[in-house]
Every structure is written in structure tokens, then in C-alpha cells.
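Each chain is listed here by its residues.
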Amino acid sequence: MAEPILLNLPPRDPRETLYRRLENAPHEHVEALLATYDILQGLHDRGVLELVKGALGSGDKVLQILVDAGNTPEVIRGIRNLMILARMLDGIEPELLEGLERAMPEALAEAKKPQPPGFLQLLKKLFSRDTRRVMATMVYVLESLGKSLGSRKPG
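Residues numbered from 1 in each chain as written. Predicted model: local features only at pLDDT ≥ 70, side-chain atom pairs only at ≥ 80, totals over all residues. Heavy atoms only, no water.

### Comments concerning the overall build of the protein chain
And step 1. If you tally the helices and strands in the protein chain, you get 8 helices and 0 strands.
And step 2. When its helices and strands are written in sequence order, the protein chain yields α-α-α-α-α-α-α-α.
And step 3. Taken over C-alpha atoms, the radius of gyration comes to 33 Å for the protein chain, far larger than the 15 Å a tight globule of 155 residues would show.
And step 4. For the protein chain, the C-alpha atoms occupy an extent of roughly 110 × 55 × 45 Å along the three principal directions.
And step 5. The 155 residues of the protein chain split such that 1% are buried.
And step 6. With the model as given, the accessible surface of the protein chain reaches about 15300 Å², and the carbon-plus-sulfur share is 64%. (Helix = DSSP H or I, 4+ residues; strand = E, 2+ residues; numbered from the N terminus. Rg over C-alpha atoms; globule rule 2.2 N^0.38 Å. Buried < 20%, exposed > 50% of the residue type's maximum accessible area, 1.4 Å probe, protein only. Areas by Shrake-Rupley, 256 points an atom, 1.4 Å probe, with all protein chains shown as cover.)

Now the structure itself:
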């Protein structure tokens, strides 16, 4: 009867493939590496790397300073207000803001004209359908804001 042939392979280092890739990286990615070196040099020249290195070395102290600074009523109120503004902006259709973006340069150009519009011209614009629509929107906003101010409890 034949005896089995034992196959003894030397143990393979799983990191060997990674080492080979690392050795070839400078040749394969020379432009990206040079750009990265330029960025690092710029950060070093401006002291950013030193700042980051110092922050990492005293990470707990920096974190405690940030927590202390952020734990004030003003900062908490500011963060709450930013969240409310974000929700408010979320409720506005982008087309409306795009319309405002298009209207602003036109309105500013009209305002910069050497001769301002006359009183009758202003009245005509004031009573136009489009102007009344915007004024009605603003009146509704003011009315709602007034209601919320009136319902606040003194405190």
C-alpha cells in the first residue's frame, strides 16, 4: 500500500501581500503621494500639525475646556436656536428661496438708480397683486409671532 506524501508548506505571513503593496505604492501613486506631501508641508508651515499634535497630547484637557465652554446657557440657547432655524429652513420650498435669490439683484439694481420712484409709482407697486401676496405672507407671519409672544408666560 502506498504511503501518503506529506506536504509541508512553510507558514505564510498574511502581511506579506500588504508589504508588497506598500513597496509598490510610491511607483503606482506617485502623483497622489506628492500632492499629499505638499499638503502636509503646508500644514506644517502654518503650525497646524503642531496644534493638532498638542491637542492630541492634551486631549482630555482640551475636551474638558470645550465641554465647559459649551455648558453655558448662552451656548445651549444658541444651539437650540440653530436647530429651530434648521427646521424652519427645512419647511421652506427651495423654489421660493431661488425666487428670492433671483429677485434680490433686480431689486437692488432698481434701488441704486439715481432717480428713486415717485410716490404714485410706489403706490402702484404696493397695490400690485404680487406685492400684496408677499405682504399678506408677512402679515400672517407677524400675526403668528404676536400670538406666540402673547401666550408666553413671564419668567
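### Quick word on a negative patch on the surface
And step 1. A contiguous patch of negative charge on the surface is contributed by Glu93, Glu95, Glu98 and Glu101.
And step 2. Locating Glu95 in the fold gives a position in helix α6 (residues 94-111). (Patch = residues over 30% accessible without salt bridge, like charges linked within 9 Å, V, L, I, M, F, W, Y side chains within 5 Å. Salt bridge = Lys/Arg side-chain N within 4 Å of Asp/Glu carboxyl O. Lys, Arg positive; Asp, Glu negative; His and termini not counted. Charge placed at Lys NZ, Arg CZ, Asp CG, Glu CD.)

### Observations regarding α6
And step 1. Given a rise of 1.5 Å per residue, 18 residues ought to cover 26 Å, and the 26 Å separating the end C-alpha atoms of α6 matches this to within 8%.
And step 2. Helix geometry: α6 is bent most strongly at Ala103, by close to 25°, with proline Pro105 lying one to four residues after it. (Expected span 1.5 Å × (residues − 1). Bend = angle between axes of the 7 residues up to and from the residue.)

### Looking at the environment of Ala69
And step 1. With respect to the secondary-structure elements, Ala69 resides in helix α4 (residues 59-70).
And step 2. Using a relative accessible area of 44% as the deciding quantity, one classes Ala69 as partly exposed.
And step 3. Expressed as a C-alpha distance, the spacing of Ala69 and Leu22, which sit 47 residues apart in the sequence, is 44 Å.

### A look at the pattern of salt bridges
And step 1. Here the structure, examined in full by the defined rule, presents 3 salt bridges.
And step 2. The salt bridge involving Glu110 is made with Lys113; its shortest N-O contact spans 3.1 Å.
And step 3. Close ionic contact of Asp130 with Arg133 constitutes a salt bridge, the shortest N to O distance being 3.3 Å. Of this pair, Asp130 and Arg133 both sit in helix α8 (residues 129-150), separated by 3 residues, roughly a single helical turn.
And step 4. The exposure class of Asp130 is exposed, given its relative accessible area of 53%.

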